Protein chains: 2
Amino acid sequence: MLYPETINNLIECYKKLPGIGEKTAERMALYSLELDQEIIDLFVQSLANLKSKIKRCQKCNNLTQNDICPICADESRDHNLICVVEEPKNVFQFEKIGTYHGLYHVLDGLISPLENINPEDINLDSLLKRIDEEKIKEVIIAVKPSVEGETTALYISKILEDKNVTISKIAHGVPLGADMDYVDALTLELALEERKNITSHVE
Amino acid sequence: MLYPETINNLIECYKKLPGIGEKTAERMALYSLELDQEIIDLFVQSLANLKSKIKRCQKCNNLTQNDICPICADESRDHNLICVVEEPKNVFQFEKIGTYHGLYHVLDGLISPLENINPEDINLDSLLKRIDEEKIKEVIIAVKPSVEGETTALYISKILEDKNVTISKIAHGVPLGADMDYVDALTLELALEERKNITSHVE
């Protein structure tokens, strides 16, 4: 004898979400019974509309409810600058900072020969097309500093070599507020290599 | 610039669930985009039906989709035995063990003078009524061993004093597989007090 069918089904659905196991799903389903009708309605409506309402921007491939996302459509932003990121989430991370005013380009993955993800499997063609068609002056590569990230960054700089654009990469190093005890050796090595002069001593 | 509205709404809904913060809700909402349409449909349907389909059993107050829950309706179970629990979840915990074949009674709370939860606020009247009307021989009190649990247990045994029923309480002690180092002092005290003879030595 288990839970009533509707609750069982809801438990099964919650269990599909990342990081949610049997116990948490059970707790969430039982808690859902107590939610206000208003929230339930919004929940149902958002889920039901999700797949039909959310599309990819035809320019930058970011998540949007329109053909062109609000960022690409915003004339006040710097249309000479493209920040290349792995996934839509990263766009929102940069937007939360609020200091970047250029455009984005969402790759939807990183090159990974081990996982059989080749350059043609990620959204690179459209990046090339944008650089040819739009007046892009700088491409900032903002992917994570893993083997896949570095491979992707290298590949992008290769294919953009003969285009008239500056290519840059976000800085990697010791994060702010980090306890030096817990910074791993590779990060420290990178931080040392990419050190910046703060004063120059010339004899 | 935040996520598209539908995703924002979904994030807000996930955040209402217990233990889900901003970051997890974001991750869950973005992941929801990848769920199979089949799962989304089941999710939408379960949530939409939740409040209307799930009722309380008119006998034991457990969650059910019928007027009388499948446990109360099951003629093969022992209808002389009632296990009193705090919430519906506990019923399913006992059902998972599979060795208990009596009925249940869901209190929906425990007596707590501090939180102003009095005997009349929990589902005790219907318990009394069941003992008068049904042929109950034993009432097993299976609530947690907290102050509220003990108060509720004491209260139930008081009001059932003059009824012709046996009243018992589930055993409390050191849980199976527990490391003795981590068992708290109160549990140890209780375990010592409620010790059981395994052999009797008589001179």
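Every value quoted in this text rests on a predicted model; they were computed, and no experiment measured them.

A few words now on the domain arrangement of chain A. Where the parts come together, the accessible area they lose is often given as the size of the interface. Domain boundaries assigned for chain A yield domain 1 (5-53) and domain 2 (60-200). Here the C-alpha centre of domain 2 of chain A lies 34 Å away from the C-alpha centre of domain 1 of chain A.

Both copies of the chain are related through a single rotation about an axis accompanied by a shift along the same axis. For the pair chain A and chain B, the best superposition has an RMSD of 0.1 Å and corresponds to a rotation of 179° with a translation of 0.0 Å parallel to the axis. In short, the pair behaves as if placed about a two-fold rotation axis. When C-alpha distances to the rotation axis are compared across chain A, the minimum falls at A:V44, with a value of 2.6 Å. Comparing contact sets, 100% of the residues at the interface of chain A also lie at the interface in chain B, consistent with an isologous, same-surface contact.

This brings us to the sheet that holds strand 4 (residues 103-106) of chain B. The strands that make up a sheet pair up through hydrogen bonds in the backbone, lying either parallel or antiparallel. Residue and element names in this part refer to chain B. Strand order in the open sheet formed by four strands is 4-3-5-6, with parallel pairing between adjacent strands. The open sheet has two free edges, formed respectively by strand 4 and strand 6 (166-169), since each of these has just one partner strand. Going across the sheet, the axis of each strand differs from the next one's by a mean of 25°, ignoring polarity. The pairing of strand 5 (residues 138-141) with strand 6 spans four bridges and is classified as parallel. Residue pairing across strands places E138 opposite T166, the latter belonging to strand 6. Against the sheet, helix 6 (residues 125-133) contacts strand 3 (81-85), strand 4 and strand 5, and its axis sits at roughly 150° relative to strand 4. With respect to the sheet, helix 7 (residues 147-159) is in contact with strand 3, strand 5 and strand 6, its orientation differing from that of strand 6 by roughly 170°.

Our focus in this paragraph is the interface of chain A and chain B. Opposite the 49 residues of chain A that make contact, chain B presents 49 residues. Summed over both sides, the interface of chain A with chain B buries roughly 5,200 Å², with 76% coming from carbon and sulfur. For the pair chain A and chain B, the number of links is two salt bridges. For A:E26, the salt bridge is made with B:K96, and the minimal N-O distance between the two is 2.9 Å. On inspection of chain A and its partner chain B, the count reaches ten residue pairs in polar contact (both at pLDDT 80 or more). If you list the elements that add at least two residues to the side of chain A that touches chain B, you get helix 1 (5-15), helix 2 (22-32), helix 3 (37-53), strand 2 (63-64), helix 4 (70-73) and helix 5 (88-97) of chain A.

The complete set of buried residues in helix 1 of chain A reads A:T6, A:I7, A:N9, A:L10, A:I11, A:C13 and A:Y14. Buried residues belonging to helix 1 of chain A abut helix 2 and helix 3 of chain A together with helix 3 (37-53) and strand 2 (63-64) of chain B.

This brings us to the sheet that holds strand 5 (residues 138-141) of chain A. All names here are of chain A. Taken in spatial order, the four strands line up as 4-3-5-6 in an open sheet, and their pairing is parallel. Edge strands, defined here as strands with exactly one partner in the open sheet, are strand 4 (103-106) and strand 6 (166-169). Strand-to-strand, the axes of this sheet are offset by a mean angle of 25°, without reference to chain direction. Each of strand 3 (81-85), strand 4 and strand 5 is contacted by helix 6 (residues 125-133), which is oriented at about 150° to strand 4, the strand it contacts most. Where helix 7 (residues 147-159) meets the sheet, its contacts fall on strand 3, strand 5 and strand 6, and the angle it forms with strand 6 comes to roughly 170°.

Taken as a whole and assessed by the stated rule, the structure comprises nine aromatic pairs over all chains. Through successive ring pairs, a cluster of aromatic residues spans A:Y14, A:F43, B:Y14 and B:F43.

With that out of the way, let us pick up the environment of B:N118. As for its placement among the helices and strands, B:N118 is situated in the loop between strand 4 and helix 6. Given a relative accessible area of 27%, B:N118 falls into the partly exposed group.

Grouped together as the largest cluster of nonpolar side chains are 112 residues, with contacts concentrated most on A:I7, A:Y14, B:I7 and B:Y14. Beyond its immediate stretch of four places on either side in the chain, B:I7 contacts A:L50, A:I54, A:L63, B:A29, B:L30 and B:L33.

Here we take up a nonpolar patch on the surface. Taken together, the side chains of A:V174, A:M180 and A:L188 make up a nonpolar region of the molecular surface, amounting to roughly 240 Å² of accessible area. When you line up the elements, A:L188 lands in helix 8 (residues 185-193).

It is worth spelling out the pairing of strand 4 of chain A at this point. Residues and elements named next belong to chain A. Of the two faces of strand 4, the one carrying L103 and H105 and the one carrying Y104 and V106 are both buried. Sheet analysis places strand 3 next to strand 4, joined by four bridges and oriented parallel. Paired with V85 across the strands is V106, a residue of strand 4. As a crossover connection, the stretch from strand 3 through helix 5 into strand 4 is right-handed.

Conventions we followed
As a convention, each chain's residues are numbered from 1 in the sequence order in which they are written. Here chains are named by letter from A upward and ligands by number from 1 upward, in the order in which they appear as written. Where local features are concerned, this predicted model is filtered to residues with pLDDT of at least 70; where side-chain atom pairs are given and counted, the filter is 80 or more; whole-chain, interface and lining totals use all residues. Side-chain measures were taken over the full set of non-hydrogen atoms in the model, leaving aside hydrogen atoms and water. Throughout the structure description, domain borders are defined by an automatic or database domain assignment. Copy-to-copy alignment: least squares on C-alpha atoms, limited to residues at pLDDT 70 or above in both. Throughout, a residue-residue contact means that at least one pair of heavy atoms, one from each residue, lies within 4.5 Å. At least two bridges found by DSSP between two strands are what make those strands a pair. By definition, any uninterrupted DSSP run of H or I lasting at least four residues is a helix, any uninterrupted run of E lasting at least two residues is a strand, and each is numbered from the N terminus. Axes here refer to lines fitted to C-alpha atoms; in helices the fit is confined to the stretch in contact. Angles between the N-to-C directions go from 0 to 180 degrees. The term buried area means the drop in 1.4 Å probe accessible area that two parts suffer when joined, counted for both and summed. Here a salt bridge means any side-chain nitrogen of Lys or Arg lying within 4 Å of a carboxyl oxygen belonging to Asp or Glu. Think of a polar contact as two N or O atoms within 3.5 Å of one another; within protein, one of them needs to be a possible hydrogen donor and the other a possible acceptor, and neighboring residues in sequence only count if both atoms come from side chains. Only protein chains enter the accessibility calculation, which uses a 1.4 Å probe. A residue is then buried if its area is under 20% of the maximum for its type, exposed if over 50%, and partly exposed in between. Two rings from Phe, Tyr or Trp (for Trp, the six-membered ring) form a pair when their centres are within 6.5 Å of each other. A pair whose planes differ by under 30 degrees is stacked, one over 60 is edge-to-face, and the rest are tilted. The term nonpolar core refers to a set of buried residues drawn from Ala, Val, Leu, Ile, Met, Phe, Trp, Tyr and Cys, joined through side-chain atoms within 4.5 Å. Patch rule: a residue counts if its relative accessible area is over 30% and it has no salt bridge; like charges are joined within 9 Å, and nonpolar side chains (Val, Leu, Ile, Met, Phe, Trp, Tyr) within 5 Å. Residue burial considers only the protein chains on display, and all accessible areas are found by Shrake-Rupley using a 1.4 Å probe. The crossover handedness rule: strands pointing away from the viewer, path from first strand over the helix to second strand clockwise, crossover right-handed.

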